[in-house]
Amino acid sequence: MSLPEDPQPPEADLGRQMEEAGFELELGQNEHGLDAWINGIAGALGAAALVTVTLLVFLNASLRYLFNSGIIWADEIVIALIPWLTMLGMFLSVRRREIIRIEHFANRLPQGARRILNAFADLLSAASFAYLAFVSFDYFAMFGGDKTTYLKLPKGWFISSMLVGSALLALAFLADFVRTLRARNLAPIPEEKAAR
């Protein structure tokens, strides 16, 4: 006959629940208001781009294998939508704090140092994407007026993904920077969940 295990004190259970709730909130599972609205729009646009790319690739491949023909302009649309899909995915991962981070060393720092390091990383990321947006503007100005080969659409519609996406990512990292500075407690992220 085995003895029942001693129940944990209520404080330990409350601490565990708060930690789990904090991690869930950090990943953006409990989005409200403006956050939910922004992420919803980005998610819907990303889903629409993904569905369009998938359908065009599947349809074109099927037509080629079954009927030895294809949609000649489909590759143009697919190639044009991939950068938008990438930027929207990156934007959502930053907004929901699901971007891959290595927290092994940062978790070993005291809370104040960890906050400074996280804020510095957010600021550096924002500056990098702001610079990419600046460079993308020059590229857009040079080649945005060119037309695609088959559909004769302005390439600027597709090139602008780098400009718009980089600017949005810079703003998302700036928002994270402000959030990090305003956070009272910065709990370490479990290493097995840091690379989600």
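Residues numbered from 1 in each chain as written. Predicted model: local features only at pLDDT ≥ 70, side-chain atom pairs only at ≥ 80, totals over all residues. Heavy atoms only, no water.

What to know about the overall build of the protein
So, point 1. When helices and strands are tallied, the protein shows six helices and zero strands.
So, point 2. Written out in order from the N terminus, the α and β elements of the protein read α-α-α-α-α-α.
So, point 3. Of all 196 residues assigned to the protein, the portion counted as buried reaches 28%.
So, point 4. Restricting to contacts in the protein with at least 6 residues of sequence separation, those with at least 24 account for 76%. (Helix = DSSP H or I, 4+ residues; strand = E, 2+ residues; numbered from the N terminus. Buried < 20%, exposed > 50% of the residue type's maximum accessible area, 1.4 Å probe, protein only. Contact = heavy atoms within 4.5 Å.)

Side note on a nonpolar patch on the surface
So, point 1. Residues Leu123, Val164, Leu168, Leu171 and Leu174 make up a contiguous nonpolar surface patch of roughly 390 Å² in combined accessible area.
So, point 2. With four residues, helix H5 (residues 156-182) is the single largest residue contributor to the nonpolar patch.
So, point 3. Looking at Leu168, the relative accessible area reads 34%, which means it is partly exposed. (Patch = residues over 30% accessible without salt bridge, like charges linked within 9 Å, V, L, I, M, F, W, Y side chains within 5 Å. Areas by Shrake-Rupley, 256 points an atom, 1.4 Å probe, with all protein chains shown as cover. Salt bridge = Lys/Arg side-chain N within 4 Å of Asp/Glu carboxyl O.)

Overview of the environment of Lys155
So, point 1. By the element assignment, Lys155 lies in the loop between helix H4 (111-143) and H5.
So, point 2. Discounting residues that sit within four places of it in the chain, Lys155 has contacts with Phe143, Gly144, Asp146, Lys147 and Thr148.

Things to note about the packing of aromatic side chains
So, point 1. Following the criterion strictly, the structure yields two aromatic pairs and no others.
So, point 2. Taking 5.9 Å as the distance between ring centres and 10 degrees as the angle between the ring planes, the aromatic pair formed by Phe129 and Phe173 counts as stacked. With a gap of 44 residues between them, Phe129 in helix H4 and Phe173 in helix H5 connect regions that are remote in the sequence. This pair shows no difference in class: Phe129 is buried, exactly as Phe173 is.
So, point 3. Taking the centre distance of 4.9 Å and the plane angle of 50 degrees together, the rings of Tyr139 and Phe143 count as tilted. With Tyr139 and Phe143 both in helix H4 and four residues apart, this pair spans about one turn of that helix. (Phe/Tyr/Trp six-rings, centres within 6.5 Å; stacked < 30°, edge-to-face > 60°.)

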